[in-house]
Each structure stands twice: as C-alpha cells, then as structure tokens.
Amino acid sequence: MADTSTDMTSLQIARRLLGEALPRHWQLYLGSLICMFGVAGFTAALAYSTKLIVNEVFVAGSATAAYQVAAMLVVVSIGKSGFEYANVVIGTKFTRSVSAFYQKATFRAMVAKSIPYFAGKHAAKHMAEVILYGRASGQVVTTVLNKLSTDVLTLIGLVGVMIYTDPLMSISIAVLFPLIFGLVALLTKRIKAVAAEETELQGKIQSIGAEAFEGIKTVKSYGLEEKSKSKFAAAINALEDRMLGIAKTTSLTIPLMEFLGGLAIGLFILYASWQTSVGTRSAGDFTAFITAFLLAYQPAERVSQNWVAIQKALVQVGQMYGLFASAEGDAPTGTAVLTDRSSALKFDDVSFRYNAEAAALHDVSFETKPGERIAIVGRSGAGKTTLIDLVQRFYGPTKGVISIGGQDIQEVAPTALRDAIALISQDVFLFDGTIRNNIRDGNPDATDDEISAAADRAMVSAFADDMPNGLDSEIGPNGASLSGGQKQRVGIARAMVKNAKIYIYDEATSALDGANERAIMQATVDSAKDSTILFVTHRPSTLQWVDRVLLLDHGRVVAFDTHECLMETNAIYRALFNLNSSDES
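In this text, all values refer to a predicted model and were calculated from it rather than measured experimentally.

Cut-off values and rules
- Within every chain, residues take consecutive numbers counted from 1 along the sequence as written.
- A pLDDT threshold of at least 70 governs which residues receive local features in this predicted model, and a stricter bar of 80 or more applies before side-chain atom pairs are shown or counted, although totals over entire chains, interfaces and linings include all residues.
- As a rule here, side-chain values cover all heavy atoms of the structure and leave hydrogens and water aside.
- With a 1 Å grid spanning the protein atoms alone, the term cavity applies to any set of points in which a 1.4 Å probe fits but cannot get out, the term pocket to an open set with protein on both sides within 12 Å along at least five of seven lines, and the term lining residue to any residue with an atom within 4 Å of a point.
- Grid points are joined across faces, edges and corners, and a volume is the space filled by probe spheres set on the points.
- Helix numbers and strand numbers start at the N terminus; a helix is a DSSP run of H or I with at least 4 residues, a strand a run of E with at least 2.
- Basic side-chain nitrogens of Lys or Arg form a salt bridge, by our definition, when they fall within 4 Å of a carboxyl oxygen of Asp or Glu.
- Burial here depends on accessible area, computed with a 1.4 Å probe over protein chains only, as a share of the maximum for the residue type. Under 20% is buried, over 50% is exposed, and the range in between is partly exposed.
- Strand pairing requires that DSSP identify at least two bridges connecting the strands.
- Orientation is described by lines fitted to C-alpha atoms, with helices fitted over the stretch in contact, and by angles between N-to-C directions that extend from 0 to 180 degrees.
- By definition, residues are in contact when any of their heavy atoms lie within 4.5 Å.
- Under the convention adopted here, Pro, Cys and the residues Ala, Val, Leu, Ile, Met, Phe, Trp and Tyr are nonpolar, Asp, Glu, Lys and Arg are charged, and Gly plus all remaining residues are polar.

K.L.:
Any chance you could explain the layout of surface pockets here in plain terms?
P.N.:
Regions of empty space are outlined by a rolling probe, equal in size to a water molecule, passed over the atoms. Taken as a whole, the largest pocket encloses approximately 1600 Å³ of empty space. In this structure, the largest pocket is lined by 36 residues; those nearest its centre are Phe394, Leu423, Phe429, Phe431 and Arg494. Put simply, the parts of the chain that give the lining of the largest pocket at least two residues each are α4 (115–118), α5 (123–165), α14 (414–420), β6 (421–425) and α18 (484–496). Examining the composition of the lining of the largest pocket, we find that 5 residues originate from one element, β6, more than from any other.

K.L.:
What am I meant to see in the pattern of salt bridges here?
P.N.:
Two side chains that carry opposite charge are able to pair once their charged atoms sit near each other. The tally for this structure, following the rule as stated, stands at 12 salt bridges. Of the charged contacts in the structure, one is a salt bridge between lysine 399 and aspartate 363, with a shortest N-O distance of 2.6 Å. In this pair, lysine 399 sits in strand β4 (residues 399–404) while aspartate 363 sits in strand β2 (residues 359–367), placing the two residues 36 residues apart along the sequence. When its relative accessible area of 36% is taken as the criterion, lysine 399 is described as partly exposed. Relative accessible area serves as the criterion here: at 38%, aspartate 363 is assigned to the partly exposed category. Bridged by salt links that share partners, the residues Asp349, Asp363, Lys399 and Arg556 form one connected network.

K.L.:
For this particular structure, what's the right way to read the sheet that holds β6?
P.N.:
In sheet architecture, strand pairing relies on hydrogen bonds along the backbone and comes in two forms, parallel and antiparallel. Read from one edge of the open sheet, 6 strands run β6-β7-β8-β3-β9-β10, paired in mixed fashion. Edge strands, defined here as strands with exactly one partner in the open sheet, are β6 and β10 (556–561). On average, adjacent strands in this sheet sit at an angle of 15 degrees to one another, irrespective of strand direction. As paired strands, strand β7 (residues 502–506) and strand β8 (residues 532–536) are joined by 5 bridges and run parallel to one another. Pairing of isoleucine 502 across the sheet is with threonine 532, part of β8. Of the strands in this sheet, β3 (373–378), β6, β7, β8 and β9 (548–553) touch helix α13 (residues 384–391), which is tilted by about 140 degrees from β3.

K.L.:
Teacher, can you tell me more about empty space enclosed by the protein here?
P.N.:
Tallied over the full model, the rule gives 1 cavity of 30 Å³ or more. By volume, the largest cavity is sized at about 60 Å³. Together, Tyr505, Glu507, Ala508, Thr509, Met521, Phe535, Val536, Thr537 and Thr542 line the largest cavity. For the lining of the largest cavity, a count of residues per class yields 5 nonpolar, 3 polar and 1 charged.

Listed below in structure tokens is the structure:
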C-alpha cells in the first residue's frame, strides 16, 4: 500500500476536518444543536421529575400534584422522544453529506495522481480507500458534532440535577472521572495501533474478489476455483482477526463503565442511608439523584465508546489527508500550449529508470518529421511501452528532453498535452454507456456528424448498424457486449474524433481481421496526414503503412530507418519478424 500517512496529530486532524466540514454543513449542525439541547434539557427534566413524584405525590399524597406531575411527565417524554428522533435523522443526513463530500474529494485526488501511484496496485484497493476514507470522515464529524455533543450536553444536564440535589455526593463521584479518562486514553493508544491496517485489509478483500470475477473465464478454464476461494477466505480471516482485535479493545469500555457505575451506586446507597438517618435530605432528593445518575450511565458509556471510535476513524482520516498532500505534490506543471506547434516529435538523449531499477531507456535520441508514420518495434522488454509512456508524460525522463514541435513537453500544460495526443491500446478500455458516448470521450465537443464519420472510418458502423439502437446501443462495463475486435474499432474511432497531433497505436489492430485492419489503416493514414503516427507493433502487416522504423533493443535505439533498409542491413530486425532479406514486407 502506498504511504499516505500524515505527520499531523489526532487533534490537528480533527481540527482540520471539523474546520472544513462545519462551514459547509452549518445548517445541519444548527438543526442538530437545537435537537441536542432539547434532548439534554428534557432528559434532565425527566430525572428531576422523580423528586416531585416522591415528595409531592407519594410522601405528601397530593392528588392535584399527581395530575400535574403526570402531565409534566407526558410532555417531557414527548419532547425528549421528538428531539431524539429529529437528532437521529439529522445525524444520518449529516453523516452521509460529509461522507459523500470526502469520497468525491478522495476520488478526485486519486484521479489526479500520476501513473506510478497506480502501478502494482489493484483498482479495488483504491476504491476501498475512497469508501473508507469518506466513511471515516463522516463518522468523525457526526460523532463529534452530534452524537458526542448530545451525550456531553445530556451529561451536563444530569450532573446539574445531581449537584442541585446533593453537591457533596456529586463531588465524591467526580473523583472517578480521572480514572475513566486515563483508561480511555490507554484504550485509544491500543486502537490506533490496530486501526491503520484496516484500510489495507479491506482493499485486499475487494481486490481478490474483483480479480476472481474479472478473470472468471481463466478461473474456470484452469480449475482455479479452490485457489480463488482459499485466497479470498484467507483475506476475510485476516480482516476478521483484525476487526476482532479492534472490537476487544473498544468493548473494554463496557465492563469498565459497568464496574465504575456499580461502585458509585454502592457508595451512594451507603451515603443515602446515613443521610436519611440524620434527616438532612428528603427521599425525593435521593430519588432524583439516583435517577439522574442512572440516566447518565448510558450517555457516559457512549462518550467513552465514541471517543475510542473517533481515534480509530482519525487514523483513516489522517491517511486521507496524506493522500491529498501527495496528490498536490504529484500535480503536473507547465503552462505552454501546442496549438501553433507542428507534430514533429523529438527525443534528445533521453534516459529513464523506474525507481531504483535498471534503466529502461538509455540515451535515446531520434526525431520525426511532421506527418510522418513511425513503427516502434523491438523484442519484449526493449522499452517500447516506456517510450510511449514518456511521450504522454505518464512519467518524466530521468535525463534528456522530449519535445513536440520544438516545445519541451515538461513545460506544456497537462490539458494541452492530453489534447495533442491520442492513444489506442491493445486492451481498449471502454466505459459503461453507449458506443456514441464512448467515441465522444475522445472529443467532448464533437458533433454527432463527426462521431458518425469517425465511426465509419473505424468500421464501427459496420457492426453498430446491426445493433438495436445503432451507435446509441448500450455496451456494458468495459464494452462487455462487444468482441475484442469491435472494442478496438470503438477505441480507434474515439482517437480519430480527437484530431490529435500525435496518434499512438499500441498493437491497436491486433484483434482485427485482415480486411478490417487494411480498411482502418487506410482511413487512419488518409485522415491524419498532418499528424505524427506511432505504431507499436509486432505485426509485419503494419510495416507497409509506415515511413520509417524505430528499432529498440535493451532500451537503446539500434536503428532508425526505412523498412527496406533495415531488411538489408539489420539482422535483429529480420529475426524479429522472421523475415529474410528477399521477403516482401
């Protein structure tokens, strides 16, 4: 898992989160605040009413007082339950609003990250972080501003009743508070130690499950059901063990509060019997005090539990803020545009390595002419994918300069660079939606006529016309209803509608039959005469469409010349395509 930790303390994290959320949701907080005071006030009134019940109804025997107290209890109960209901509804809305905001913010931050962040990590793990970080943010904000505040205000009201009825006993019970806070602080440290792994474990479960379902044909074909089940069960068991550890820690607050509550009640009974014997307090005073104490037990228990839960959630919120900070650091720079630049591509002494690994490219230098068609060939691991990734600035070169039309791409605004380059990969990714919408992703401003023209040139119309709704037919997640060749044609149409300066075909016709490949290649050449086209290929049939061939081997440029010249002079090139110098291309 990528390090998304932050150096902020829990208090700093909480302050930042509340400072961001409160102004944005102040209306919900105001409504919640009214409900909190209502719940606290009516709960305190309910405790104090027991004094009237004992003294005025049972001891004094007043019938009038009985009616008055009964009516008061009904009003207090209705008021308390009404405010509690409204507080729960507002709290739920509060939680979802905050969670949704930070889930969107986390998703935006992840999408803004550079390509290296996603390397070697399943997409399901990223989505697990999006969900958990947002959920944790909502939990912290709502717990602090709603649940915890409600319980604290209720405790204040009930403690007020206790002090009013018996100040001495209230002070005696207050001695227990430092003990409670000390034990809760100890639990807080323990919960932080085990909470940090929860996000990783949740992501691992989603990753393993998604992997099995996405590759279900491979799972079935190779009989990997038991292996998939075993991996998923192991991940579930690991999370279960971790969650059990968290539950054991957080649940310690329950017996703690039970013990301290029982101790306080036992001491109070001894104290009350002594006070009664000397006649300094009425039975109603003791009843009100004990009722207030018993009513305070549940909110006090919830305060301790919620405090521990907040510490757990703050760990994930801290990870979220770490992600935000790293996303800002990853943000690509540059302000230059390429509007008036040619499509000439130049590598000037470019080298690149992934982290501490051996260099993937060594001192690569070449230059294309505007409108030239270039094949990039080489054995597996030669550096072809790295080269086209550098063209798109997915990574920055370790050394050297890459330029388009004489402009260093490191100085180009990210949106301008994306507009200038169109990628068509072997494994085309399509979004859930219609064919038309997937083609329009290449150029959101494209008209329906331009989309139809691109569909015709890419031979999409040849199969779309047979579908129920033509280009407006739904294709499912990642084009699930299309064949591999059909998906590639949609991907090519998406690139064609972009009108880019540089087109990159990364084995983009590998799933096409010969007739469709020839038709699409001819349309590509005819429609992009002023654009530089890079063909990453292992197919000899592609070579007839290119002007020159860039041959890579072990990350170095071995040759850059025409197909005919390389056939005559380069044994690596001939061996790569299993051709003899006398063969026709």
